Amino acid sequence: DGGFITVNYNNKSTEKVAISDANISGFDNSKIGAQTLTVEYLGLTTTFDVTVNDRSATSIEIATLPSKLTYIVGNSLDIDGGFITVKYNNNTIETVAISDANVSGFDNTKIGTQTLTVEYLGLTTTFEVTVNDRSATSIEIATLPSKLTYIVGNSLNLDGGFITVNYNNNTTEKVAISDANVSGFDNSKIGAQTLTVEYLG
């Protein structure tokens, strides 16, 4: 559009003809850089140059949120299932996995809502995740206290005893039994006794 050629005839007359009415060759919209195009009309040719620039991204936005948006303290970031839409200045659109972009802002030690930033080709967009506090799912005896045999009147001694605390974020913690609540000991009662260790419910 907007292009014309001047056709010179052997009777010394000229004619202005739209380039779109001629045959154009040499254009490759997949090739970046300067290109010389050939204009052919009535068996005659002339040329002109064009430049093809690489496309550039103009905006990105979240197309699909990652499958995992809720975390427990200590969990690693999981952005599987997440995609962004990338819009380019040649009116094309591309869908890109969030895992192929740079994601920042995640802190697995911070409880609450967090805004994560997705950066791709110098452009950014955001989405939110929530990090919840971990909770204990079970406890078990890791090491029995050193003293398991008593004489009537002795006080309970829990030294050397530890429990393993299992959490819902697949982490464990070793805690001294003396830091838990222990019930069931009666130093006036002779015989075997079962003591209960209570920690975090």
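In this text, all values refer to a predicted model and were calculated from it rather than measured experimentally.

With that settled, consider the sheet that holds strand 15 (residues 172–176). Here we have three strands laid out as an open sheet, ordered 13-14-15, and antiparallel in their pairing. A single partner strand is all that each edge strand has here, and the edge strands are strand 13 (136–143) and strand 15. Each adjacent strand pair in this sheet contributes to an overall mean axis angle of 25 degrees, direction not counted. By the bridge criterion, five bridges tie strand 14 (residues 162–167) to strand 15 in an arrangement that is antiparallel.

We now examine the environment of Gly122. Inspection of the secondary structure puts Gly122 in the loop between strand 11 (112–120) and strand 12 (123–132). Judged by relative accessible area, which is 59%, Gly122 ranks as exposed. Along the chain, Gly122 and Thr58 lie 64 residues apart, while their C-alpha atoms are 9.5 Å from each other.

Turning our eyes to something else, we now look at the side chain of Thr125. Looking at the secondary structure, you find Thr125 in strand 12. Not counting residues within four places of it along the chain, the set of residues in contact with Thr125 comprises Ile60, Glu61, Ile62, Ile84, Leu116, Thr117 and Val118.

Enumeration according to the criterion identifies two aromatic pairs in this entry. Centroid distance Tyr71 to Phe106: 5.0 Å. Interplanar angle 55 degrees. Geometry classified as tilted. Taken as a pair, Tyr71 in strand 7 (residues 70–72) and Phe106 in the loop between strand 10 (102–104) and strand 11 lie far apart in primary sequence, 35 residues in all. Here Lys68 stacks its cationic end above the ring of Tyr71, 4.9 Å away from the centre of that ring. One cation-aromatic arrangement involves Arg134 over Tyr167; the distance from NZ or CZ to the ring centre is 3.6 Å.

About the criteria used
Residues numbered from 1 in each chain as written. Predicted model: local features only at pLDDT ≥ 70, side-chain atom pairs only at ≥ 80, totals over all residues. Heavy atoms only, no water. Pairing = 2+ DSSP bridges. Helix = DSSP H or I, 4+ residues; strand = E, 2+ residues; numbered from the N terminus. Axes fitted to C-alpha atoms, helices over the stretch in contact; angles between N-to-C directions. Buried < 20%, exposed > 50% of the residue type's maximum accessible area, 1.4 Å probe, protein only. Contact = heavy atoms within 4.5 Å. Phe/Tyr/Trp six-rings, centres within 6.5 Å; stacked < 30°, edge-to-face > 60°. Lys NZ or Arg CZ within 6 Å of the ring centre and 35° of its normal.

Purely geometric numbers; function is a separate question.
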